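Below are the chains, spelled out letter by letter.
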Amino acid sequence: MAFLESAWNLFTNNWDLFVRGAWTALLLAIIGTICGTLIGFFIGIMHTIPQRKKTIKTMLFKLVNFILTAYVEIFRGTPMMVQAMVVFYGLVYMGIDIDRFLAASIVISLNTGAYMAEYVRGGIVSIDKGQFEAAQAIGMNHLQTMIHIVIPQVARNILPATGNQFVMNIKDSSVLSVISVVELFFTANSIAGSNYKYIEAFFIATILYFIMTFTVTRFLLLFEKKMDGPAAYKVELITGNKLEKDGE
């Protein structure tokens, strides 16, 4: 009880700092997930554009794809903490004075984009080839096929992975404290150092992280159910075709 009372007193005395740090972590996760998903869709679509003729345009396209592939492999193969250090201090070294929050947003977006690119590519590949052939048969080009047929299906199929990435971004935002971004971990560490109550401070941070991830997870589950529409129906061949709701 003494520990809980101490933790509660620490929170009531610094609640505004804790809430501000939690909001920063959540905002970074939102920015990173949205921007990263857009990057992922762009790369996923670029990787699936068919190239048949060997022309200069094809050579340039392959070069772009090579650069995009290198980006994906580098950001998936290195820790985000290292990426943050390289991006922020690298820009400072080149004489570019960049805001720490902006640098953190760029890093988490690029890191997320590398993972989302693979999710999107896998989602596009999983679409039946017959749909591409049908779209081509009615005169659609690759971009029209993607926008009107493929992307809506891929967006639904990768929704669980996108939600999982969002939750990971909330937690992984803590590593951005290495460039002094005042998010939840940095805030908890600062308060702990000022009050010499490390266990209490990080206990509060744990609860706040859990509240954010739990809330986001439940919201995404409701969103998935909303996208699925009403309960599935099945056809039963009993004295003719009779549509009955599952479970009835």
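The structure displayed is predicted, hence computed values, not measured ones.

Caption draft 1: Examining the packing of aromatic side chains more closely. Scanning the entire structure with this criterion turns up seven aromatic pairs. An angle of 65° between the planes, with centres 5.3 Å apart, marks the rings of Phe3 and Phe203 as edge-to-face. Placement of the pair is Phe3 in helix 1 (residues 2–47) and Phe203 in helix 9 (residues 198–228), with a sequence separation of 200 residues. Given a relative accessible area of 32%, Phe203 falls into the partly exposed group. Put simply, the rings of Trp8, Phe11 and Phe18 touch in pairs and so form one group of aromatic residues.

Caption draft 2: Fine view of the side chain of Thr162. If you trace the backbone, Thr162 turns up in helix 7 (residues 159–172). Of the residues examined, Thr162 reaches a relative accessible area of 14% and is grouped as buried. When sequence neighbours within four positions are dropped, the list of residues in contact with Thr162 reads Thr33, Thr37 and Met116.

Caption draft 3: Fine view of the nonpolar core. Core analysis: the largest hydrophobic core is formed by 19 residues, its most contacted members being Phe18, Phe166, Ile170, Leu184, Tyr209, Met212 and Val216. When residues in this core are grouped by element, the largest group, eight residues, is from helix 9. If sequence neighbours within four positions are ignored, Phe18 has contacts with Leu10, Phe11, Leu184, Thr187, Ala188, Ile191, Ala201, Ile204 and Leu208. Core analysis: the next-biggest nonpolar cluster, separate from the first, contains 14 residues, Ala84, Val87, Ala103 and Ala104 among them.

Caption draft 4: Summary view of the environment of Ser190. For Ser190, the position within the fold is in helix 8 (residues 184–195). A C-alpha to C-alpha distance of 9.1 Å links Ser190 and Ala201, two positions 11 residues apart in sequence.

Caption draft 5: Layout of helix 2 (residues 56–76). Taking 1.5 Å of rise per residue, 21 residues should cover 30 Å, and helix 2 covers 30 Å from first to last C-alpha, within 8% of that figure. Among the residues making up helix 2, those that are buried are Thr58, Phe61, Asn65, Leu68, Tyr71, Val72 and Phe75. An end-on view of helix 2 places all buried positions within 140° of arc, on one side of the element. Those residues of helix 2 that are exposed and aimed more than 90 degrees away from the buried face are Ile56, Met59, Leu60, Lys62, Phe66, Ile67 and Ile74.

Caption draft 6: Inspection of helix 6 (residues 142–157) at higher detail. Approximately 50° is the largest bend angle found in helix 6, and it occurs at Val150, with the proline Pro152 only one to four residues beyond. Residues of helix 6 that are buried: Thr145, Met146, Val150 and Val154.

Caption draft 7: View of the confidence of the model for the protein chain. On average, residues of the protein chain score 86 in pLDDT, and 90% of them reach the 70 mark or higher. Across residues 232–248, confidence stays below pLDDT 50; counting only partners more than four residues off in sequence or on other chains, it has 16 contacts.

Caption draft 8: Region of the structure containing the packing of helix 1 against helix 4 (residues 100–126). Helix 4 packs onto helix 1 with a crossing angle of 40° between their chain directions and a minimal axis gap of 5 Å. Considered as vectors, helix 1 and helix 4 are oriented oblique to each other. For the pair helix 1 and helix 4, the sense of crossing is right-handed. Taken together, the residues of the contact of helix 1 with helix 4 sort by class into 17 nonpolar, 11 polar and one charged.

Caption draft 9: Representation of the packing of helix 5 (residues 129–137) against helix 6. It is at 10 Å that the axes of helix 5 and helix 6 come closest, and there the two elements cross at 160°. By the angle between their directions, the pair helix 5 and helix 6 is classed as roughly antiparallel. As helix 5 packs across helix 6, the resulting crossing turns out to be right-handed. For the pair helix 5 and helix 6, contact is made by Gln131, Phe132 and Ala135 and by Thr145, Met146, Ile149, Val150 and Gln153, respectively. Across the contact of helix 5 with helix 6, the residue classes break down as five nonpolar, three polar and no charged.

What counts, and where the lines are drawn
- Residues numbered from 1 in each chain as written.
- Predicted model: local features only at pLDDT ≥ 70, side-chain atom pairs only at ≥ 80, totals over all residues.
- Heavy atoms only, no water.
- Phe/Tyr/Trp six-rings, centres within 6.5 Å; stacked < 30°, edge-to-face > 60°.
- Helix = DSSP H or I, 4+ residues; strand = E, 2+ residues; numbered from the N terminus.
- Buried < 20%, exposed > 50% of the residue type's maximum accessible area, 1.4 Å probe, protein only.
- Contact = heavy atoms within 4.5 Å.
- Core = buried A, V, L, I, M, F, W, Y, C linked by side-chain atoms within 4.5 Å.
- Expected span 1.5 Å × (residues − 1).
- Arc of directions from axis to C-beta.
- Bend = angle between axes of the 7 residues up to and from the residue.
- pLDDT = per-residue confidence, 0-100.
- Axes fitted to C-alpha atoms, helices over the stretch in contact; angles between N-to-C directions.
- Parallel < 35°, antiparallel > 145°, perpendicular 65-115°, else oblique.
- Left-handed = near helix turned anticlockwise from the far one by under 90°.
- Nonpolar A, V, L, I, M, F, W, Y, C, P; charged D, E, K, R; others polar.

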